[in-house]
Amino acid sequence: MPSLKDYIERDYGIRRTPLYIAERCTERKATAHVCQTCAEICPQNIYPTGKRKRPMWDQCLKCGLCAAACPARCITVPSRKAESFLMAVARKGKLTVACEKEDSAARLNERCVAALSWEQLAYAALREGVVISLRACGECGDEACKEIIDRNLKELKFFLGEEVYRERVTVLREGDTYEVSTYEEAISRRDLFGFLGNLSVDKAFTMMPKMVSARDSGLFFRAMLRDMVAQNAEGSEPAQRPRYAVRLPHFTKKCYNCGHCEQACPNEALKLVKGRDGFTVKVDVWKCTGCGLCKNKCRAGGIDGIVPMRVSTLGAVAVAKLPDHICSICGRVYAYDTELDHCKTCEAKLHAAEMKREREERRKRKAQQEADEALEAKIAAGATET
C-alpha cells in the first residue's frame, strides 16, 4: 500500500530533495533584480553562484531552509519535510515546534525553526494554534536564520491580524517557560505509528491540498493554507467570514488590458477576464507572492504598487473592474488619459498631420511672399526705365 510520502511525491511532484523551478524564480524573470536568498541560507552552499549553473543535490541535507526562505516559492520542500509536517498537524492540540538543539518535547523538531514557512505556521495557527519555541536561538550564531524567523513571524502576524495572532500563536523566547502538560510526550516515530495506528495518516491525507497541476508544487503549503481558510469560512455569511491581510497588485484606471502583467506573472496568478462593458482583473491569492514583476512589466502605469488588502478567501478574487477605453478614431482600446478621448498612436498621427499642414501652409506663405517680392521688383525695375 502506498505511503503518505509516496502520494506526496507522485501526485504533487515533490521529490526527496528540493526542486528548483527556474521558470518561477524572480531572479530569472526580473531585470535589474538580484535575489540570492537560497544561496545565502543554504548551509551546504549547493545553489549555483558564479560560474556554477546547477544545484549540487548530492550534497543537500534536505533541511528545507531554502524552500521556506524563498520569497517567490519556486523551491519545493523535500517530501520528508512535507510528510513530517502533515503528520504533526494531524494530531490533536496545538502544534509545538522547536529547534533540534533545544531539549524539549516539541511535536515537530526542525534543524532550524526557519525551515518552517509562515504559511505552515499560519495553517497550524488557524487549525488549533501553534507554539513556536525560539529558546535555543540565543546560543545560535546564524544571523541569516534569525532574520528569516523574524521575517516569518512578522508576515504571520500581518496575515492573521493582531487579535488572532495573540490568541493563536505563542512565541517562546530565551528564558520563557511553558506548561509541560501542554507539550506532547516525546515518542519515537515507530511508537507514534503504533500508538495512533492509521488514524493520523488518514487525517494527514485529508489535509493534502487540492491542486490541479504538479507545476504548483512549490506552493504546496500555500494551497494547504487556502483550503484551511475555505474550511473556516464554510457555513458562515460572507460579511461574517474572517478576513486576512495579503499583498496584491493595485490596478489603476490606466490599465487597458494589454496582458503584459498576466504574461509576466511567474505563478500564473493574474487573469484579465474580458466582459461586456469592460474587463475584470482576477488574482489567485494563494499563488500571488507579491513579487512585483507585474508592476515592473506594466508599460502604462496600470499597476501603481503591491498594497495590503483584506480578503476572506485565498482563492480567486476580483481586485479591479475597469471599463474599456475605446479610441474615438481607430476604435481600439487604449491607456486611459483624462485629457484625450483617443489613443496616443492616433494622437501622434494627428500631431504629425497637424505638423504637415503647418509646414504646407508655411511653404505656401513663403512661395506667395517670394512671388509678391518678385512682382514688386519687376514693377520697380519698370518705373526706373521710364
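Residues numbered from 1 in each chain as written. Predicted model: local features only at pLDDT ≥ 70, side-chain atom pairs only at ≥ 80, totals over all residues. Heavy atoms only, no water.

## Considerations on the overall build of the protein
No. 1: A count of helices and strands for the protein gives 14 helices and nine strands.
No. 2: Burial analysis of the protein (386 residues in total) assigns 43% to the buried set.
No. 3: If you take every contact in the protein between residues at least 6 apart in sequence, the share linking residues at least 24 apart comes to 68%.
No. 4: Counting only carbon and sulfur atoms, one obtains 49% of the accessible surface of the protein, whose full area is about 21,700 Å². (Helix = DSSP H or I, 4+ residues; strand = E, 2+ residues; numbered from the N terminus. Buried < 20%, exposed > 50% of the residue type's maximum accessible area, 1.4 Å probe, protein only. Contact = heavy atoms within 4.5 Å. Areas by Shrake-Rupley, 256 points an atom, 1.4 Å probe, with all protein chains shown as cover.)

## Some points on the packing of aromatic side chains
No. 1: Across all of its chains, the model carries seven aromatic pairs by this definition.
No. 2: Ring geometry for Y12 and F220: centres 5.1 Å apart, planes at 90 degrees, overall edge-to-face. Of this pair, Y12 sits in helix α1 (residues 4-12) while F220 sits in helix α11 (residues 220-233), placing them 208 residues apart in sequence. One exposure class covers both Y12 and F220, and it is buried.
No. 3: Pairing F220 with F221 gives two aromatic rings, centres 5.3 Å apart and planes at 80 degrees, and the pair type is edge-to-face.
No. 4: Look at F220 and you get buried, because its relative accessible area is 1%.
No. 5: Look at F221 and you get buried, because its relative accessible area is 10%.
No. 6: By way of ring pairs, the aromatic residues Y12, F85, Y123, F220 and F221 are connected into one cluster.
No. 7: If you follow R15 out to its NZ or CZ, it ends over the ring of W57, 5.7 Å from the centre.
No. 8: A cation over an aromatic ring shows up here: R226 above the ring of W286, its NZ or CZ 4.5 Å from the ring centre. (Phe/Tyr/Trp six-rings, centres within 6.5 Å; stacked < 30°, edge-to-face > 60°. Lys NZ or Arg CZ within 6 Å of the ring centre and 35° of its normal.)

## Side note on helix α6 (residues 118-127)
No. 1: Among the 10 residues of α6, nine are classified as buried, and the element is accordingly described as predominantly covered.
No. 2: Every buried residue belonging to α6 is among W118, E119, Q120, L121, A122, Y123, A124, A125 and L126, and all of these are buried.
No. 3: A positive backbone phi angle near 110 degrees is found at G129, which sits one or two residues after α6.

## Looking at the sheet that holds strand β7 (residues 278-284)
No. 1: Read from one edge to the other, the open sheet built from three strands follows the order β6-β7-β9, with strand pairing classed as antiparallel. In this open sheet, the two strands that pair with only one neighbour each are β6 (270-274) and β9 (316-323). Going from strand to strand, the sheet's axes swing by 25 degrees on average, the running direction of each strand aside.
No. 2: Where β7 and β9 come together, seven bridges link them in antiparallel fashion. Bridging from a neighbouring strand, F279 pairs with L322 of β9. (Pairing = 2+ DSSP bridges. Axes fitted to C-alpha atoms, helices over the stretch in contact; angles between N-to-C directions.)

## With respect to the confidence of the model for the protein
No. 1: In this model, the protein carries an average pLDDT of 83, and 87% of its residues clear a pLDDT of 70 or more.
No. 2: Low pLDDT, under 50, characterises residues 180-188; the stretch is placed with 16 contacts to residues that sit more than four places away or in other chains. (pLDDT = per-residue confidence, 0-100.)

## What to know about the nonpolar core
No. 1: Counting residues in each nonpolar core, the largest one holds 96 residues, and the members touching the most others are I132 and F159.
No. 2: Beyond its immediate chain neighbours, meaning those up to four positions away, I132 contacts V97, V113, L121, L153, L156, V169, T170, V171 and L172. (Core = buried A, V, L, I, M, F, W, Y, C linked by side-chain atoms within 4.5 Å.)

## Focus on the environment of A106
No. 1: In this structure, A106 sits in the loop between β1 (95-99) and β2 (108-110).
No. 2: By relative accessible area, A106 is classed as buried at 8%.

## Describing helix α7 (residues 143-160)
No. 1: Here α7 is 18 residues long and its end C-alpha atoms lie 26 Å apart, about the 26 Å a rise of 1.5 Å per residue gives.
No. 2: Immediately downstream of α7, the backbone of G161 shows phi near 95 degrees, a positive value. (Expected span 1.5 Å × (residues − 1).)

## Describing the packing of helix α5 (residues 79-89) against α11
No. 1: Interaxial distance between α5 and α11 falls to 12 Å at its minimum, and their mutual angle equals 25 degrees. Viewed along their axes, α5 and α11 adopt a mutual orientation that is roughly parallel. Like other packed secondary-structure pairs, α5 and α11 cross with a definite hand, here right-handed. Residues A82, F85 and L86 of α5 form the contact with α11, whose participating residues are F220, F221 and M224. (Parallel < 35°, antiparallel > 145°, perpendicular 65-115°, else oblique. Left-handed = near helix turned anticlockwise from the far one by under 90°.)

## Focus on a negative patch on the surface
No. 1: On the surface, E370, D372, E373 and E376 cluster together to form a negatively charged patch.
No. 2: Mapping E370 onto the fold places it in helix α14 (residues 344-385).
No. 3: The class of E370 is partly exposed, set by a relative accessible area of 45%. (Patch = residues over 30% accessible without salt bridge, like charges linked within 9 Å, V, L, I, M, F, W, Y side chains within 5 Å. Salt bridge = Lys/Arg side-chain N within 4 Å of Asp/Glu carboxyl O. Lys, Arg positive; Asp, Glu negative; His and termini not counted. Charge placed at Lys NZ, Arg CZ, Asp CG, Glu CD.)

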